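Topology and contacts: notes
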Amino acid sequence: MLPVRLKISLGQHSDRGRKEINQDFHGACMPDEPQLTAKGIAVALADGVSSSNVSQIASEATVKGFLEDYYCTSPAWSVRQSAQRVLMAINSWLYAQTRQSQYRYDQDRGYVCTLSALVIKSTTAHIFHVGDSRIYRLRDRSLEQLTQDHRLWVSREKSYLGRALGVNPQLEIDYLAAGVGQGDVFILATDGIHEYVDPKVIIDVLSEHPDDLDRAAKSIADKALEHGSDDNLTIQLVRVDAVPQAEAGEIHHQLSELPLPPELAPRMEFDGYRIIRSIRISSRSHVHLATDLTAPDAPAVVIKTPSVDLRGDPAYLERFLLEDWIARRIDSPHVVRACAPTRKRNYLYTVTEFIDGQTLTQWMIDNPKPKLSTVRGIVQQIAKGLQAFHRLEMLHQDLRPENIIIDATSTVKIMDFGSTRVAGIVENAASVQNLPAGTAQYTAPEYFLGDAGTSRSDLFSLGVITYQMLTGRLPFGTDVAQATTKAAQRRLMYRSLLDDERDVPAWIDETLKRATHPDPARRYQELSEFVYDLSRPNEAYLRRNRQPLLERHPVMFWKTISAILTLIVIVLLAFR
């Protein structure tokens, strides 16, 4: 049985009404797969400001720009991030146009407009709103207004627009996520419609024309005109005809099409590859080194197949496919690269580049006392790899030495994306959102409270790894995994690097203490801040006094005091 896809019916109408020109603009985009699943369906409506002679240009540019650029954003980004970034860019362009025009000293007459946009992805409607157009949802003959007007009323007769695109270099966008059900009707309307048509009229018209939404939209606009509207008239009607089930994403679609592979063995030919040897066989996956039979001169590759023990677990298989999806979208020299398929695959497996090197775990065994400069170099490369994840709204969530590999040229790469959280896919409400948080020794404390991770969670893991490279131990031992309440986490004690025999500057200890703080709000906000402080002394840390001996070594402190007192007693007795 084929999975259910998102399906809508759309009706639209726009008219200049009693005005000389129509300053409104509207549009919609209903893409085919894979964009339908990855980005959803977008509908947008912009209303020009009547005080401006060029606002119709702003309206058209805003709607066209939004509908075109939204679908060019990364599929890994959430709808919210994608839409807001596009709208920020459009706002900057409009503002710049006004500043370069004759209206630079009178912004209300420049390139300004309002916007109400709706993106339906999977089972969620994402609403973006600036201005005084409105978005409603009709469900069970009940009309609910989902947006708030940005209009400031000075008196009953006088008001002015409090927010619009193109007015200021910064833009505040209202955002709302609402559930979508089959039969829901979303209504986007400019103030020339909603100020002159009663909600009951809209409900009745939609009941009269259930199969002709264009006719229904025109009928509502006509009624607004009959009731005295003196503004442009634009309305869009979006009826949800089919809602995808939670597992109806592109990943599941691939899953249902590809059969599971046979068990692989050395010298075996498999789907155009020759298996050379096993690299790792675990309960989670089987990893083999292979060569491509169709390209004998091509470098060796790594083939990863699902674990035999977990092949009956749909959630595990989903995560397995997600790893390949992630690897194809991250372009960084510090993240293991997926090999683009050159032919149709007949089985469920992934192919990545082969890195001839050693894991960071093995590197630490071989280098028990590395130079601080060497550790810095490794950390900087790991941070660059993590930043590639974070730019795409992804969290690795399982950063540990075993998942970091160093090749013969000392290039560091992150691998294994089985726990990676992708914001854009979480929105699809598929089971891939319930990913494991990672390996306990390196997992950020907030995960043990049941909280969602952030980029600071990956930063914590990197801080722990940095600490371990310098000391051979962990900053909190194994206590983090046992601290499952906030009270327990407040009791976690960071073990200072200065207790170690190695000559590590005190400011490095302060840097790592902040990076691995149990409270994410007290860590560095960005990876770049951590890397910077790891490379040069932070003045705030230099100003702090070195930790007193009583706090660093209480036993040694009292032994020293006892020795001094004993010496004083001996001297006094000698001179009696």
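Fair warning: this is a prediction, and the values are worked out from it, not measured in the lab. (Residues numbered from 1 in each chain as written. Predicted model: local features only at pLDDT ≥ 70, side-chain atom pairs only at ≥ 80, totals over all residues. Heavy atoms only, no water.)

1. Remarks on the overall build of the chain
In plain terms, the rule: Numbering of helices and strands runs from the N terminus; a helix is a DSSP stretch of H or I covering at least four residues, while a strand is a stretch of E covering at least two. Per-residue accessibility, obtained with a 1.4 Å probe over protein chains only, is compared with the maximum for each type, and a residue is labelled buried under 20%, exposed over 50%, and partly exposed between these values. Contacts were defined at the residue level, with two residues in contact if any of their heavy atoms lie within 4.5 Å. Per-residue and other accessible areas follow the Shrake-Rupley method at a 1.4 Å probe size, with only the shown protein chains counted as cover for residues.
Of the regular secondary structure elements, the chain holds 18 helices and 22 strands. Dimensions of the chain along its principal axes, counting C-alpha atoms only, are 110 × 75 × 45 Å. For the chain, the proportion of its 576 residues judged to be buried stands at 50%. Within the chain, residue pairs in contact and separated by at least 24 positions form 67% of the contacts whose partners lie at least 6 positions apart. Of the roughly 28,000 Å² that the chain leaves accessible, carbon and sulfur atoms contribute 50%.

2. Overview of helix 12 (residues 455-471)
Defined as follows: Each residue after the first adds 1.5 Å to the expected span of a helix.
When the terminal C-alpha atoms of helix 12 are compared, their 25 Å separation across 17 residues agrees well with the 24 Å that a helix rising 1.5 Å per residue should span. In terms of burial, helix 12 is largely enclosed, as 16 of its 17 residues are buried. Following helix 12 by one or two positions, G472 adopts a phi angle in the positive range, close to 80°.

3. Here's the deal with the packing of helix 12 against helix 15 (residues 527-535)
Threshold: For helices, the fitted axis covers only the stretch in contact; all axes are lines through C-alpha atoms, and the angles between them, taken along N-to-C directions, range from 0 to 180 degrees. Oblique is the label for any angle not under 35 degrees, not over 145, and not in the 65 to 115 range, which are roughly parallel, roughly antiparallel and roughly perpendicular in turn. Note on convention: the crossing is left-handed when the near helix lies turned anticlockwise from the far helix by less than a right angle, right-handed when the turn is clockwise. Only Asp, Glu, Lys and Arg are considered charged, only Ala, Val, Leu, Ile, Met, Phe, Trp, Tyr, Cys and Pro nonpolar, and every remaining residue, Gly among them, polar.
Between helix 12 and helix 15, the least distance of the axes is 10 Å, while the angle of their chain directions is 20°. In terms of orientation, helix 12 lies roughly parallel with respect to helix 15. The hand of the helix 12/helix 15 crossing is right-handed. The segment helix 12 lies against helix 15, with L459, L462, G463 and T466 engaging L527, F530 and L534. For the contact of helix 12 with helix 15, a count of residues per class yields 5 nonpolar, 2 polar and no charged.

4. A look at helix 15
The condition that has to hold: Here, the arc refers to the directions that run from the helix axis to the C-beta atoms.
Along helix 15, the residues that are buried comprise L527, F530, V531, D533 and L534. Each buried residue of helix 15 sits inside an arc of 165° when the element is viewed along its axis, so together they form one side.

5. Looking at the sheet that holds strand 5 (residues 124-130)
Let me state the cut-off plainly: Strands are labelled as partners when DSSP assigns at least two bridges between them.
Taken in spatial order, the 5 strands line up as 2-3-4-5-10 in an open sheet, and their pairing is antiparallel. The strands lining the two open edges of the sheet, one partner per strand, are strand 2 (24-29) and strand 10 (174-179). Sheet twist, expressed as the mean angle between neighbouring strand axes with direction ignored, is 10°. Note that strand 2 and strand 3 (residues 41-48) share 6 bridges and pair antiparallel. Bridged to A28 within strand 3 is V43.

6. Remarks on the pairing of strand 3
Summarising burial for strand 3: 8 of the 8 residues are buried, a large majority. Residues I41, V43, L45 and D47 line one face of strand 3 and the alternating positions A42, A44, A46 and G48 line the opposite face, and both faces are buried. Pairing analysis gives 8 bridges linking strand 3 to strand 4 (residues 113-121), with the strands arranged antiparallel. Among the inter-strand pairings, A44 is bridged to a residue of strand 4, identified as A117.

7. Regarding the domain arrangement of the chain
As a measure of interface size, the accessible area lost when the parts come together is often cited. Put simply, the rule reads: The split of the chain into domains comes from an automatic or database domain assignment. Buried surface area refers to the total accessible area, computed with a probe of radius 1.4 Å, that the two partners give up upon joining, counted for both partners together. Any carboxyl oxygen of Asp or Glu that lies within 4 Å of a side-chain nitrogen of Lys or Arg is treated as forming a salt bridge with it. We define a polar contact as two N or O atoms separated by no more than 3.5 Å, with the added condition that, inside protein, one atom must be a possible hydrogen donor and the other a possible acceptor, whereas residues neighbouring each other in sequence contribute only through side-chain atom pairs.
For the chain, the assigned domains read domain 1 (7-242), domain 2 (268-353), domain 3 (357-545) and domain 4 (546-575). Between the C-alpha centres of domain 1 and domain 3 there is a distance of 44 Å. Both faces considered, domain 1 and domain 3 share a buried interface measuring about 840 Å² in area, 41% of it formed by carbon and sulfur atoms. Of all residues in domain 1, the largest losses of buried area upon contact with domain 3 belong to A76, S78 and K121, amounting jointly to 45% of the total for that side. Remark: the boundary between domain 1 and domain 3 carries 0 salt bridges. There are 2 residue pairs in polar contact (both at pLDDT 80 or more) connecting domain 1 and domain 3. Counting residues per element, the ones that place at least two in the side of domain 1 that touches domain 3 are helix 3 (79-99) and strand 5. At 3 residues, helix 3 tops the list of elements feeding residues into the side of domain 1 that touches domain 3. Across the side of domain 1 that touches domain 3, the residue classes break down as 4 nonpolar, 7 polar and 2 charged.

8. Let's talk about unusual backbone geometry
Backbone geometry places S410, a non-glycine residue, at a positive phi of 70°. Mapped onto the secondary structure, S410 falls in the loop between strand 20 (404-407) and strand 21 (412-414). Take S410: its relative accessible area is 48%, and that puts it in the partly exposed class.

9. Examining the packing of helix 10 (residues 372-391) against helix 15
Remark: helix 10 packs on helix 15, axes separated minimally by 10 Å, with the N-to-C direction vectors making an angle of 170°. The angle between helix 10 and helix 15 places the two elements in the roughly antiparallel class. For the pair helix 10 and helix 15, the contacting residues are R376, V379, Q380, A383, L386, Q387 and H390 in the first and L527, S528, F530, V531, L534 and S535 in the second. A per-class count over the contact of helix 10 with helix 15 returns 7 nonpolar, 5 polar and 1 charged.

10. Let's talk about the sheet that holds strand 15 (residues 285-292)
With antiparallel pairing, 5 strands are arranged side by side in an open sheet as 13-14-15-16-17. Bordering the open sheet on either side are strand 13 (269-270) and strand 17 (350-353), each of which pairs with just one other strand. The pairing of strand 16 (residues 301-306) with strand 17 spans 4 bridges and is antiparallel. In the sheet register, I303 faces strand 17, and the bridge partner there is V351. Relative to strand 16, helix 8 (residues 314-329) is tilted by about 160°, and along the sheet it contacts strand 15, strand 16 and strand 17.

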